[in-house]
Amino acid sequence: MAETLKDVEIWTDGACKGNPGPGGWGALLRAGGHERELFGGEELTTNNRMELRAVIEALRALNQPCRVTAHVDSQYVMNGITKWISGWKRNGWRTAAKAPVKNEDLWRELDAEVARHEVRWVWVKGHAGDPGNEAADALANRGVDSVR
């Protein structure tokens, strides 16, 4: 008998003070009436790397396969995971222009985490009042502060 997957909602965000510069990532996870907040930072990074790291760490925190609704405000993450990654993998991690994929290490990590779950991707407009996104943004800024 197949195990029923737990439903989890995640909101993720990345922040960077300077690009590159000190950066942070944040994630809010909600499941079954429970909430968990995650954040971290790196001393020298980019906004796109922090956006990716936020989603990776949120999915990694789930200790069993789940049905995930991932709310992201990054077009880079949204397009990368839903449109571009299959072509990158098919082309040996090269873009359509034959250039190496930027942040390949993190895209590979994200691809591995996504494979563990059923993920539905939802794009949300950043800084537009979505409570989950605002919470993830605050966590990402705490991540920045943790390395400054």
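Above this text sits the structure in question.
Note that the structure is predicted; figures quoted are calculated from it, not measured.

> Would you explain the packing of aromatic side chains in this entry?
Geometry of an aromatic ring pair is reported as the spacing of the ring centres plus the angle between the planes. All chains considered together, the criterion is met by 3 aromatic pairs. Here the aromatic rings of Tyr-76 and Trp-107 are separated by 5.4 Å at their centres, their planes lie at 65°, and the arrangement is edge-to-face. Of this pair, Tyr-76 sits in helix α2 (residues 75-90) while Trp-107 sits in helix α3 (residues 104-115), and the two are 31 residues apart along the sequence. With respect to burial, Tyr-76 and Trp-107 carry one shared label: buried. Relative to Trp-88, the ring of Trp-84 has its centre 5.9 Å away and its plane inclined at 50°; by these criteria the two rings are tilted. Here Trp-84 and its partner Trp-88 are both found in helix α2, 4 residues apart, which amounts to about one turn of the helix. On the accessibility criterion, Trp-84 (36% relative accessible area) is partly exposed.

> How should the side chain of Thr-69 be read in this particular structure?
Structurally, Thr-69 can be placed in strand β4 (residues 66-72). A relative accessible area of 13% places Thr-69 in the buried class. Not counting residues up to four positions away in its chain, the partners in contact with Thr-69 are Val-8, Glu-9, Ile-10, Arg-120 and Val-122.

> Looking at this model, I keep getting lost on the nonpolar core. Mind explaining?
One recurring pattern in soluble globular proteins: nonpolar side chains tend to sit buried together. Core analysis: the biggest nonpolar cluster contains 32 residues, and Ile-10, Leu-59, Trp-107, Leu-110 and Trp-121 have the highest contact counts within it. Elements that contribute at least two residues to this core include exactly β1 (6-16), β2 (21-31), α1 (47-60), β4, α2 and α3. Take this core: its biggest share by element is 7 residues, from α1. Those residues in contact with Trp-121, other than ones at most four positions away along the chain, are Val-55, Ala-70, Val-72, Val-77, Met-78, Ile-81, Thr-82, Leu-110 and Val-114.

> Teacher, can you tell me more about the side chain of Asp-73 here?
For Asp-73, the location among the structural elements is in the loop between β4 and α2. There is no salt bridge for the buried Asp-73, and the closest opposite charge comes from Lys-125, which lies 9.6 Å off by N-O distance. At 3.2 Å, the side chain of Asp-73 forms a polar contact with the side chain of Asn-133. Setting aside its immediate chain neighbours within four residues, Asp-73 contacts Thr-12, Asp-13, Glu-51, Trp-123, Val-124, Lys-125, Gly-126 and Asn-133.

Scoring rules and cut-offs
Residues numbered from 1 in each chain as written. Predicted model: local features only at pLDDT ≥ 70, side-chain atom pairs only at ≥ 80, totals over all residues. Heavy atoms only, no water. Phe/Tyr/Trp six-rings, centres within 6.5 Å; stacked < 30°, edge-to-face > 60°. Helix = DSSP H or I, 4+ residues; strand = E, 2+ residues; numbered from the N terminus. Buried < 20%, exposed > 50% of the residue type's maximum accessible area, 1.4 Å probe, protein only. Contact = heavy atoms within 4.5 Å. Core = buried A, V, L, I, M, F, W, Y, C linked by side-chain atoms within 4.5 Å. Lys, Arg positive; Asp, Glu negative; His and termini not counted. Salt bridge = Lys/Arg side-chain N within 4 Å of Asp/Glu carboxyl O. Polar contact = N/O pair within 3.5 Å; in protein donor to acceptor, adjacent residues only side chain to side chain.

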